[in-house]
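Coordinate inspection notes
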Amino acid sequence: MTDSPTAVHVTDLEISIPGGPALLAKTSLTLRRGRITALTGPSGSGKSTLLRAVIGDLPDGARVASGTVEVLGHDVLALPADRLRHLRRHRVAYVGQDPGSALDPRMRVRRLVAETAVDPSPQAVRDLLAECRLPVGDGLPDRRPGALSGGQQRRVALARALARRPDVLLLDEPTAGLDATLRDEIADLLRHLATTRDLAIVLACHDPELVDHCADDVVDLGTAASVNTSGAAPVDTSGAAPVGMSEKTSVEVSEKTSVGRSEAAPASISVNAPASASPPRGDATVPLLAARDLAVTFTRHGRTHRALDEVGFSVAPGSSTGIVGPSGSGKTTLLRVLAGLQHPDAGALTLDGRPLHAGARRRSRAQQRRIQLIPQNPLGALNPARTVGATLARPLRLHRTAAKADVPDRVAELLDHVGLPADFARRYPHELSGGQRQRVSIARALAPGPDVLLCDEVTSALDPGTAAAVMDLLTRLRTERRLTLVVVSHELRLVAACTETVHVLEAGRVTGSGPSRRLLPAGTLPPMAQ
Amino acid sequence: MSEAAIEGAEAAAAPAAASALRRSLRAVGRTGVVLAKRALMLAVLLAVVFAAIELLPGDAASATSERGESAADTAARRRLLGLDRPVWERFPDWMTALPTGDLGTSARGEHVTDLLAAPFPNTLLLGATAFAVTLAAALALGCWAALRPGGTADRIVGFASGIALALPEFVVSIGLLLVLSLWTGWLPAVTLTAPDGSPASWTMLVMPVLALTVPQIGWNARIVRGALADQAAAPHVAAARLDGLSPRRVLLRHALPGAWPAIATGAATSTGMLLGGAVVVETLFNYPGLGTVLSGAVADRDTPVIAGVVACTGAVISLVLLCADLVRARTLGARP
């Protein structure tokens, strides 16, 4: 263990915004070649900040308060720009949390991978894509990132990172949004790469199973930070600071409140619309939301890809339904059709037994209000130019669910419901961590008081504690307000725990549906194991 | 090779050919609709021109009257030119003749088509050269500034383009005349024309082109710089930087493609300003183009000539705007 050479050495690194919150409490980290190190810790504990610091990139306005970062013998924080660029280009590769927006939307997959490749020949690119478990046979190398599923984008980003044959690989949430089978394959791939290429890999990760599966060393920033800062002055997290990626203390506090609240008497708070605005409840035999024979095809340059093929779907009022399936099987497309964002080529939708228009714009305001989508990528779905408060106030005003004077109170209430402090209303999306953004995204969906909540991988960016708190929140709201949930997730345990019915999608077709307990036995085995 | 095999191949090819035909027919139909819309826009523009000239005091008969001409003669000529009829009768007459290439007759009795035959290509040459120079210089300056945001080049380009943008063409023209012609004597102050009516040599184009482009370069360089700054903040551009790609590659391959729609729209709006500026510049340099014809025609209240000039320039501007829309659609369409 100690004989393998050190690739990265981080010593007592502390990053903070002058006069503001600490982004990373004093941390030390050593990466060795041929070993995989996992960074764990609650969202907002500085995992991403630490990874970015290793490639010499600090958040806007942030300063290194103390410590050094040495990568392959270079002090990256003091390296001249051109040598730092050379290091990033050839020796250290970083894959961010949100590869969907980090891949150039106008470049095709094969060019994206060839651009950084040591060997940009088409065959080498295809081999690399295949190595990253991407299907190269069906024209994927000729598609652009927008035509890939979330999981495929993540693997393309990984392939792009590996193409330069780096010595150090930094991955931020490499398996978020991937199903268990793929996650294990990626874990095996990383294991294999670490051994054969003598690569030092570090991954920031919420997923304990991935950590168990492939990590040699685990660094817990939550505990490491508290141990390391025990002697130092406590970090000021007053929340009044204008800029900050996250605030560890406040997150922990808010988590406690949200957990406490889920145990407390429920009737005290109501996030939903006034009772008068609640819809007529049909009897249980009429499905609240139903779809018949949905078909969606995407055509690019004469090639047709069937994303959905004669899919039928229905949910009863107050029920909770899961949708599972491998990456690229059409789960997100189905949710987008239900939300009215994707026009199906065939099929019909009903809400309360009455026909529902396929396009969201043609739906009535009440229908729009009743169906809300929480999208997969919270950074892409939040307007970067609006504060969290403005983002949450908009649906309140649009659907007239709150009087103008009450809007700030309702915003604070919504933030409180998703476990964020009220002063987050003044922040912008880029000042939040991935987990916090997801909470804001959920709060926005809750704002108009929906009846059906379509959740697309809402917990993939969250650590297990936060994910459990968010799912508790959704489950509680469901019982309180007879909210109907449709949950798309790769985390089968989570789907099994919070849904009664589950549909299995494979290559755009429903290949199975039934009670969650039967289809997802104990939530351990994937139903679509190959 | 049996016949059956050939038939089989034909049968397989038939539906593919049919769908290709249907696709191309649909594309032709879409193009037709787009072009029809632009033509309608042009017709509305020409109606506005007719109405505007009607509102000017005086008419072509009085504006072009000889000295000592009697009121009766003027009235006779007015009847001859058809100016005694109301504008809503003259406009449809002129419009219906337009598709046949007949632009009507000027107040001095010449065919407008002949009147514009020589100046229009000259103005097109001037405008196209100015447009190309503008685009190239604006792209170069904008990219140069964007390579080092906040650096010396960025500040110089920002400052200089602001000043250039604020300069009217005639100020630039006079400055150029002073420096390049009166003081140094490098270039002739007025345009000399060859027997066929075109400028005698390419040196005649230098000053008019410069006078037209300086303000437009200022305007477009700012647009390029701004569009690149927006793109630089996009996550995929930030990611490309963190991948250690060279600044030039990040700029040209990752930021610039996304900036094309804004740049194309900015450049297309420049066409209108270039052609409008040509009126001033051509008059100043005595360049034999549409601008000279137009300024004379406005003084004469010569509606068919003015409408003919507007029809030509309007068609050019619509075409360039259409190209900009196509660039935009192509760039945005590449997203999914």
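So, how was this worked out
Residues numbered from 1 in each chain as written. Chains lettered and ligands numbered in written order. Predicted model: local features only at pLDDT ≥ 70, side-chain atom pairs only at ≥ 80, totals over all residues. Heavy atoms only, no water. Pairing = 2+ DSSP bridges. Helix = DSSP H or I, 4+ residues; strand = E, 2+ residues; numbered from the N terminus. Axes fitted to C-alpha atoms, helices over the stretch in contact; angles between N-to-C directions. Contact = heavy atoms within 4.5 Å. Core = buried A, V, L, I, M, F, W, Y, C linked by side-chain atoms within 4.5 Å. Buried < 20%, exposed > 50% of the residue type's maximum accessible area, 1.4 Å probe, protein only. UniProt positions renumbered as here; feature names shortened; annotations may be inferred. Salt bridge = Lys/Arg side-chain N within 4 Å of Asp/Glu carboxyl O. Patch = residues over 30% accessible without salt bridge, like charges linked within 9 Å, V, L, I, M, F, W, Y side chains within 5 Å. Areas by Shrake-Rupley, 256 points an atom, 1.4 Å probe, with all protein chains shown as cover. Lys, Arg positive; Asp, Glu negative; His and termini not counted. Charge placed at Lys NZ, Arg CZ, Asp CG, Glu CD. Buried area = accessible area lost by both parts, 1.4 Å probe. Nonpolar A, V, L, I, M, F, W, Y, C, P; charged D, E, K, R; others polar. Disulfide = S-S within 2.5 Å.

Observations regarding the sheet that holds strand 15 (residues 371-374) of chain A
All names here are of chain A.
- Across the sheet, 6 strands lie side by side as 15-16-17-12-18-19; this open sheet has mixed pairing. Each end of this open sheet is capped by a strand with a single partner; those strands are strand 15 and strand 19 (509-515). Averaged over neighbouring strand pairs, the angle between their axes works out to 15° when direction is ignored.
- Direction of pairing for strand 16 (residues 452-456) relative to strand 17 (residues 484-488): parallel, over a ladder of 5 bridges. Bridging from a neighbouring strand, Leu 454 pairs with Val 486 of strand 17.
- Docked against the sheet, helix 11 (residues 331-339) engages strand 12 (320-324), strand 15, strand 16, strand 17 and strand 18 (501-506), running at close to 155° with respect to strand 16.

A closer look at the pairing of strand 1 (residues 6-16) of chain A
Residue and element names in this part refer to chain A.
- In the sheet, strand 1 pairs with strand 2 (residues 22-32) via 7 bridges, with the strands oriented antiparallel. Looking at strand 2, one finds that Thr 6 is bridged to Arg 32.
- Pairing between strand 1 and strand 4 (residues 63-71): 7 bridges, direction antiparallel. Paired with Ser 16 across the bridge in strand 4 is Arg 63.

Concerning the nonpolar core
Residues and elements named next belong to chain A.
- Counting residues in each nonpolar core, the largest one holds 44 residues, and the members touching the most others are Val 113, Leu 169, Ile 201 and Leu 203.
- Ignoring anything within four residues of it in the chain, the contact list for Ile 201 reads Arg 35, Ile 36, Thr 37, Leu 169, Leu 171, Leu 190 and Ala 194.
- Residues Val 388, Leu 414, Val 440 and Ile 442 belong to the second largest nonpolar core, which totals 37 residues.

Side note on the UniProt feature "transmembrane region" (unreviewed entry) in chain B
Residue and element names in this part refer to chain B.
- The sites that UniProt annotates as "transmembrane region" (unreviewed entry) are residues 32-53, 124-147, 159-180, 200-219, 258-285 and 305-327.
- Here residues 159-180 is 91% helix and 0% strand, with 24 Å between the C-alpha atoms at its ends.
- Across residues 305-327, helical content stands at 100% and strand content at 0%; the span's end C-alpha atoms are separated by 33 Å.

Regarding the pattern of salt bridges
Residues and elements named next belong to chain A.
- Tallying each qualifying case throughout the model produces 26 salt bridges over all chains.
- For the salt bridge of Asp 216 with Arg 191, the shortest nitrogen-to-oxygen distance reads 3.0 Å. In this pair, Asp 216 is assigned in the loop between helix 8 (208-214) and strand 9 (217-220) and Arg 191 in helix 7 (residues 180-196), connecting sequence segments 25 residues apart.
- Here Asp 216 falls in the partly exposed class, since its relative accessible area comes to 31%.

Observations regarding a positive patch on the surface
- A cluster of basic side chains, namely Arg386(A), Arg394(A), Arg397(A) and Lys404(A), defines a positive patch on the protein surface.
- Turning to its location among the elements, Arg386(A) is positioned in the loop between helix 13 (378-381) and helix 14 (388-398).

Focus on the interface of chain B and chain A
- Contact residues are listed per partner, giving 22 residues for chain B and 23 residues for chain A.
- Together, the buried faces of chain B and chain A total about 1900 Å²; carbon and sulfur atoms form 51% of this surface.
- Where chain B touches chain A, the interface holds 3 salt bridges.
- For the salt bridge of Arg160(A) with Asp243(B), the shortest nitrogen-to-oxygen distance reads 2.9 Å.
- Of all the elements in the fold, those that place two or more residues in the side of chain B that touches chain A are helix 10 (235-242), helix 11 (247-285) and helix 13 (303-333) of chain B.
- Tallied by class, residues from the side of chain B that touches chain A come to 9 nonpolar, 8 polar and 5 charged.

So, the sheet that holds strand 4 of chain A
Residue and element names in this part refer to chain A.
- A sheet is described by the order of its strands in space; here 4 strands give the open sequence 2-1-4-5, paired in antiparallel fashion. Among the strands making up the open sheet, the edge pair consists of strand 2 and strand 5 (74-75).
- Across the sheet, helix 1 (residues 47-54) is in contact with strand 1, strand 2 and strand 4; its angle to strand 1 comes to roughly 125°.

Some remarks on the state of the cysteines
Residue and element names in this part refer to chain A.
- The full count for this structure, using the stated rule, is 0 disulfides over all chains.
- Here Cys 498 is not disulfide-linked; the sulfur of Cys 455 is the nearest cysteine sulfur, at 8.1 Å.
- On the basis of relative accessible area, Cys 498 is assigned to the buried category, the value being 8%.

Overview of the side chain of Thr303(B)
Residues and elements named next belong to chain B.
- With respect to the helices, strands and loops of the structure, Thr 303 is situated in helix 13.
- Taking relative accessible area as the criterion, Thr 303 reaches 8% and is therefore assigned buried.
- Those residues in contact with Thr 303, other than ones at most four positions away along the chain, are Phe 50, Ile 53 and Arg 90.

Section: unusual backbone geometry
- In this model, Glu310(A) sits at a positive phi of 50°, which is unusual for a non-glycine residue.
- Mapped onto the fold, Glu310(A) is located in strand 11 (residues 303-315).
- Its identity is not glycine, yet Arg301(B) carries a phi of approximately 55°, on the positive side.

Overview of the pairing of strand 7 (residues 168-172) of chain A
All names here are of chain A.
- Of all 5 residues in strand 7, 5 are buried; the element is thus mostly enclosed.
- Residues Val 168, Leu 170 and Asp 172 of strand 7 are buried on one face, and the alternating residues Leu 169 and Leu 171, pointing to the opposite face, are buried as well.
- As defined by bridge partners, strand 6 (residues 92-95) adjoins strand 7 across 4 bridges and the pair is classed as parallel. Considered in strand 7, the bridge of Val 95 is made with Leu 171.
- Note that strand 7 and strand 8 (residues 200-204) share 5 bridges and pair parallel.

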